[in-house]
Amino acid sequence: MNFDSELEKGNFIIAECIHCKKIVWPPSEFCNKCFREVSWRKGSHEGKIIEFSRQNDAYFCLVEIENNIRIMGKISKGIPITGQQVKIEKCGVKDKSYNFEISLM
Amino acid sequence: MPKVGIASYGITKFSKDDSKIESVLLQSTKKLFDNSPNLSRNDIDAVIVSTNNNSKYLSAILSEMSGIEPKIAHSVESLCNSGTNAIVSAYSYISAGLADVVLVCGAERYDSPGQILEWDNSRGEFKHPIFWASIFTKSYKREFSVTDEELAIVPVKNHKQSQNNPNALSEKIYSLDDVINSKKLTDDLRLHDCSRPCTGGASILLASENTCKKFTDNPIWITGIGQKTTSAGFTKNITFSSMESTQIAATSAFQMSKRNVTDVDVAEVHDAFSVCEPMALESLGFTDKGKGMDMIRELHTTDNFKINPRGGLIGTGHPIGATGIAQTIEITQQLQSSANKRQVKNAKIGLVHNMSAAATSSTVLVLER
């Protein structure tokens, strides 16, 4: 499995080291603690807002998933607050950048 | 450890000029030679270039164009703290005995590729620095109950101070209203909160203790060095309202110099955006957490140039690879009492704070006369 090619198909997967029992983020083929090969699994799409701001009419936010992975994404609608539960509505790759659309829960 | 000193420097005016990177490098090197009548090309053992420009082999090119045939020649790139990291490399060559005299030359063009860290995909589509700056600003404002109006003092102060710096990009003073009413980039960031990319070059000559005295009667000694990289990705920062790497680097630099923050008479801190100045002052230990704006307001109202006398990055402009070297030149001038209208009275000990990519990496230098 490959994070980028899965994300291109709209799938959010997580790299995990079974040996160290830790998530490896940013996604990598090797654990950054023991250098063993990671295993891949489907990632949770739910997280919470760490911080946010707004450009023009679009809010963007920093989201933490599974108490570990942090990503920045665009909020599709609604007004966010810090600590709020959210989910990844859509993800993909556009112009070589990861792309996350976040919805408020 | 043998002492390493700053023996000379040369700097260009920061501008929006469409100059070739090689030409910018050469211009500041020429100025350094103009300032150093006793320097011959044969004295230089190493030439280190600091830049984020994509051109290759620049230290060899600069050497050839300057008529230098150094033993050691290479580039250093680490985004916005390339300049001080190149100075630390030069220091290391000298203290290890591999070189006696090192020319460090930083340059950048206004359209530098170093503004965007393409690798950091955890930022999603929000890779431009204005987005991490917005997150920092929002987080800092919330945690310490600071307003946009209060943060606006930073660019007002730094543009004011830069008017006494003939090499600064800024040629205007701004009022608080000018800052607040400048173009809104995000809810938490206005145009005048930002330092601007520009074209500029800065060169510095480092030498061992005895050799330094050949080139200058007023060498400035690098007595403290601290560096820390906590990650590459912005989202890995533990907090977004302070600079962890800066705090660690400052502790190391003070430990090495056997000084502490209360000894510092003048400092250049990395104000890439307004919020970075209070955050840096707090993380360096100049003031308590959340109190940075109190210190900045006091300095501004009393016209005290202690912090960012040349105008910081906001007033002077931010030619990425040259910035750390330009900051070090400013502190050198301050300690040599040659900073003219920007001079901080009786400055004996100075500090340089230079950081990269949302404070994921910091370099702190302590300089003394």
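The number of helices and strands found in chain B is 13 helices and 11 strands. Taking 2.2 N^0.38 as the reference for a compact globule, 369 residues should give roughly 21 Å; the C-alpha atoms of chain B span a radius of gyration of 19 Å, in line with that estimate. Along the three orthogonal principal directions, the C-alpha set of chain B runs to about 55 × 40 × 35 Å. Going through the 369 residues of chain B one by one, you find that 60% of them count as buried. A separation threshold of at least 6 residues defines the contact pool for chain B, and within that pool the share at least 24 residues apart is 78%.

Right, let's get into helix α1 (residues 21–34) of chain B. Residue and element names in this part refer to chain B. The end-to-end C-alpha distance of α1 is 20 Å, a good match for the 20 Å that 14 residues give at a rise of 1.5 Å each. Residues I21, V24, L25, L26, Q27, S28, T29 and L32 constitute the buried set of α1. Packed against the buried residues of α1 are β1 (4–11), β2 (46–50), α2 (58–66), β4 (101–108) and β7 (200–208).

Geometry of a packed helix pair, given as the angle between the helix axes and the separation of the axes. All names here are of chain B. The interhelical angle for the contact between helix α10 (residues 276–284) and helix α11 (residues 292–301), taken along N-to-C directions, is 110°, at an axis separation of 8 Å. Relative to α11, α10 is oriented roughly perpendicular. In this structure, α10 contributes E277, P278, M279, L281 and E282 to the contact, and α11 contributes G292, M293, M295 and I296. Taken together, the residues of the contact of α10 with α11 sort by class into six nonpolar, one polar and two charged.

Residues C61(A), A90(B), V102(B), V104(B), L205(B) and L206(B) are the most contacted members of the largest nonpolar core, which totals 134 residues. The element that contributes the greatest number of residues to this core is helix α13 (residues 320–335) of chain B, accounting for seven residues. In contact with C61(A), not counting residues within four places along its chain, are I49(A), E51(A), F52(A), M72(A), G73(A), I75(A), P80(A) and I102(A). Counting five residues, the second-largest nonpolar core is a separate cluster that includes Y110(B), A168(B), L169(B) and C198(B).

Looking now at the interface of chain A and chain B. In this assembly, 16 residues from chain A lie in contact with 18 residues from chain B. For the side of chain A that touches chain B, the elements supplying multiple residues, two or more each, are β4 (46–55), β5 (58–65), β6 (69–75) and β8 (97–104) of chain A. Considering only residue class, the side of chain A that touches chain B consists of seven nonpolar, five polar and four charged.

What follows deals with the sheet that holds strand β2 (residues 22–24) of chain A. Residue and element names in this part refer to chain A. The antiparallel open sheet is built from three strands, whose spatial order is β2-β1-β3. Of all the strands in the sheet, the pair left with one neighbour each is β2 and β3 (39–42). Averaged over all neighbouring strand pairs, the angle between strand axes comes to 45°, with direction disregarded.

On to the domain arrangement of chain A, then. Residue and element names in this part refer to chain A. One can read the domain layout of chain A as domain 1 (3–42) and domain 2 (46–104). Between the C-alpha centres of domain 1 and domain 2 the distance comes to 20 Å. On the domain 2 side, the residues contacting the seven residues of domain 1 number nine residues. Sorting elements by how many residues they give to the side of domain 1 that touches domain 2 places helix α1 (residues 3–8) first, with three residues. Here the side of domain 1 that touches domain 2 is composed, by residue class, of four nonpolar, one polar and two charged.

What counts, and at which threshold
- Residues numbered from 1 in each chain as written.
- Chains lettered and ligands numbered in written order.
- Predicted model: local features only at pLDDT ≥ 70, side-chain atom pairs only at ≥ 80, totals over all residues.
- Helix = DSSP H or I, 4+ residues; strand = E, 2+ residues; numbered from the N terminus.
- Rg over C-alpha atoms; globule rule 2.2 N^0.38 Å.
- Buried ≥ 20, exposed ≤ 12 C-beta atoms within 10 Å, placed from the backbone.
- Contact = placed C-beta atoms within 7 Å.
- Expected span 1.5 Å × (residues − 1).
- Axes fitted to C-alpha atoms, helices over the stretch in contact; angles between N-to-C directions.
- Parallel < 35°, antiparallel > 145°, perpendicular 65-115°, else oblique.
- Nonpolar A, V, L, I, M, F, W, Y, C, P; charged D, E, K, R; others polar.
- Core = buried A, V, L, I, M, F, W, Y, C linked by C-beta atoms within 7 Å.
- Pairing = 2+ DSSP bridges.
- Domains from an automatic or database assignment.

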